[in-house]
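Structural overview for review
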Amino acid sequence: MSAPMISDEVRHACRIHARLLDSFIALTEQELTQLAPGFAEESLLESLEKLRAARKSYGSLGGVLPVDLKASNAA
């Protein structure tokens, strides 16, 4: 069973979405470090789950894999 053909235009759009989601995920993670436990923290954690799921979808369609910048800068 072969993978479906995805146009270059769709791949390009997926890469843009993935890049923006990466930035928003990082921003949300930063915000979480400043919050005390409670409703706002829980809400952002739920949002992160959804953002990461969307990022995974766009990344797979666009041929973009997430990179853990902390791990890649450690070397």
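A quick note: this is a predicted structure, and the numbers were derived from the prediction, not measured. (Residues numbered from 1 in each chain as written. Predicted model: local features only at pLDDT ≥ 70, side-chain atom pairs only at ≥ 80, totals over all residues. Heavy atoms only, no water.)

Some details on the overall build of the protein chain
Across its full length, the protein chain holds 3 helices and 0 strands. What you see in the protein chain, going N to C, is helices and strands ordered as α-α-α. Expressed as a percentage of the 75 residues in the protein chain, the buried residues total 15%. Put simply, 58% of the contacts in the protein chain that link residues at least 6 apart link residues at least 24 apart. Surface exposure of the protein chain reaches about 6,100 Å², of which carbon and sulfur atoms provide 61%. (Helix = DSSP H or I, 4+ residues; strand = E, 2+ residues; numbered from the N terminus. Buried < 20%, exposed > 50% of the residue type's maximum accessible area, 1.4 Å probe, protein only. Contact = heavy atoms within 4.5 Å. Areas by Shrake-Rupley, 256 points an atom, 1.4 Å probe, with all protein chains shown as cover.)

What about the nonpolar core?
By size, the foremost hydrophobic cluster in this structure holds 5 residues: Leu 21, Ile 25, Leu 32, Leu 48 and Leu 51. When residues of this core are traced back to their parent elements, those giving at least two are α1 (8-33) and α2 (39-62). With 3 residues, α1 is the single largest residue contributor to this core. If near-sequence neighbours (up to four positions away) are discounted, Ile 25 is found in contact with Leu 48, Leu 51, Arg 52 and Arg 55. (Core = buried A, V, L, I, M, F, W, Y, C linked by side-chain atoms within 4.5 Å.)

Overview of the pattern of salt bridges
Throughout the structure, instances matching the rule amount to 2 salt bridges. Measuring nitrogen to oxygen at the nearest pair gives 2.6 Å for the salt bridge that ties Asp 22 to Arg 55. Of this pair, Asp 22 sits in helix α1 while Arg 55 sits in helix α2, placing them 33 residues apart in sequence. Since its relative accessible area comes to 31%, Asp 22 is described here as partly exposed. (Salt bridge = Lys/Arg side-chain N within 4 Å of Asp/Glu carboxyl O.)

Taken by themselves, the reported measurements are silent on function.
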